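Summary of structural features
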Amino acid sequence: MLLLLCLALVAASALATPAPGAAGHRRRGTEAPNVVLVASDSFDGRLTYQPGSHVVKLPFISFMKAHGTAFLNAYTNSPICCPSRAAMWSGLFTHITESWNNFKGLDANYTTWMDVMEKHGYQTQKFGKLDYTSGHHSISNRVEAWTRDVAFLLRQEGRPMVNLIPSKTKVRVMEKDWQNTDKAINWLKEEAVHYDKPFVLYLGLNLPHPYPSPSSGENFGSSTFHTSLYWLEKVSHDAIKIPKWLPLSEMHPVDYYSSYTKNCTGKFTEKEIKNIRAFYYAMCAETDAMLGEIILALRQLDLFQKTIVIYTSDHGEMAMEHRQFYKMSMYEASTHVPLLMMGPGIKANLQVLNVVSLVDIYPTMLDIAGIPVPQNLSGHSLLPLASELSENGHSLKDLHPPWILSEFHGCNVNASTYMLRVDQWKYIAYSDGASVPPQLFDLSLDPDELTNIATKFPEITYSLDQKLRSIINYPKVSASVHQYNKEQFIMWKQSVGQNYSNVIANLRWHQEWLKKPRKYENAIQRWLKTHTLQLFHMQAHTHTHAHTYN
């Protein structure tokens, strides 16, 4: 196969170069490398190491692992598109930038790491999905996020399903992603190769995000896992694990809300679940191929040896684990992301166990370029972990904080959620820390996160909660989000005027809403009356939206 031949050529080239990592930490005064960041959507990071890596062939991710550094415990800082990407591009935690949902991200003029690199002499270019600024996504998506505190339960998504192209030769299934990959390659060939100064290139892929499901209504969601036989044949069907589910009555209350709003509380056959997972893995294989096209182009243009390549994703995909699809959850399938680096100064065949997260991208980019890293960032450069700094006597444990924070404030989850990952523990707190029970998992003994041991080990739970509160005053943040949601909803309601009842009834929850419209409108009215708001003058709203985090 041509692809395998090209891969072999790249491998031979990499093996012929000086040992990666020999240069160690990027030092100012040395020639700065080019940087290529490929960021996909919804890619489960557990597929980049065993046993997850056995289920689907990902040759270029495997290549990056062999010739670079893989971070085996990398996490999103918010398991949904826009807030996660806001963290990646700003280097700041979600509550600092107030990127509360898919509609509320960074200001359009926010200074990102790419802006800083451009200011310091890098040529910059970006293609494909960005999605880190405010103002995107459907009206339905916004209203669902704003009304998540309302005392009703409505299905908001289409039932997860699969759709197959029965062709063993159909390679380009996600045409838009392939077109953006082509644009990136053409830019490398026609422009970047001629530059006399370093460049940074960003390519954002939509895959392996599920495809839209128009049957869900006007503001449809994306619940269709779509691929061709070409990619499905890359999946080892016998290795697909059917996840265990708790009975509906034993689910954590927030998990039940998520499962219901995602239309997953009905019956699913084992074949349905296996198909959804197989199609998802096939979509991951197509993603890997696009990453591979970028790597091969760098090789063909003699840019490979002077370019650092980074691959990551905004979040994972539940793929029917815990009776859910999509993300918006603190379980591993949703929060664990791939993070791989290779190139000059990056150690080969290194697997880093430290917990890291997407806010680390910003300081890492600046560190690669030899630009001083601001002290106010939430993240830390990953270069020390990916190079041979250990020769200076540093322990890997000293090179990055031993914890990461992830938080979620958007749709399909009816309480603000906070996750602290440290050692073998995953601690998840909700809302004000009192009204919703927390969760505690020992990932070393319970990697599938089926046994909440928060009440069994109260001392550990208390200690982790205190640690979380030292990082973020989460009851206060939750209260701010409650206030924001009501203010935003009231402004939207006023904007649609007399058409309000018709518009709100025909959002993605229309099938259930239209059965009892009065009931659901009354529930919203009761919600709006609680906790009196000073809505006649919107100073709080104006203050919230006046922030520019530079």
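Residues numbered from 1 in each chain as written. Predicted model: local features only at pLDDT ≥ 70, side-chain atom pairs only at ≥ 80, totals over all residues. Heavy atoms only, no water.

The protein chain carries the name Arylsulfatase K in an unreviewed UniProt entry, which gives Nannospalax galili as its organism. Its UniProt record gives the protein chain the following Cofactor (unreviewed entry) comment, quoted word for word: "Ca(2+)". (UniProt positions renumbered as here; feature names shortened; annotations may be inferred.)

**Thoughts on helix α9 (residues 253–261)**
For α9, the tally of buried residues reaches seven of nine residues, placing the bulk of the element in the interior. Taken together, the buried positions of α9 are Val254, Asp255, Tyr257, Ser258, Ser259, Tyr260 and Thr261. Just past α9, the residue Asn263 takes up positive phi, approximately 65°. (Buried < 20%, exposed > 50% of the residue type's maximum accessible area, 1.4 Å probe, protein only. Helix = DSSP H or I, 4+ residues; strand = E, 2+ residues; numbered from the N terminus.)

**Looking at the pattern of salt bridges**
The final tally for this structure, using the stated rule, is 17 salt bridges. Here Glu175 makes a salt bridge to Lys170, at a shortest N to O gap of 3.9 Å. A relative accessible area of 35% places Glu175 in the partly exposed class. Accessibility expressed as a relative area gives 31% for Lys170, which makes it partly exposed. A salt bridge links Asp182 to Arg172, with the shortest nitrogen-to-oxygen separation between them at 2.7 Å. Residue Asp182 is found in helix α7 (residues 175–190), and its partner Arg172 is found in the loop between β4 (161–165) and α7; the two are separated by ten residues along the sequence. A relative accessible area of 27% means that Asp182 is categorised as partly exposed. On the accessibility criterion, Arg172 (30% relative accessible area) is partly exposed. (Salt bridge = Lys/Arg side-chain N within 4 Å of Asp/Glu carboxyl O.)

**A closer look at the confidence of the model for the protein chain**
When pLDDT is averaged along the protein chain, the result is 90, and 88% of the positions lie at 70 or above. Below a pLDDT of 50 lies the segment residues 1–29, which in the model reaches 56 contacts outside its immediate sequence neighbourhood of four places, other chains included. Note on residues 532–550: pLDDT is under 50 here. Beyond four places in sequence and across chains, it has 27 contacts. (pLDDT = per-residue confidence, 0-100. Contact = heavy atoms within 4.5 Å.)

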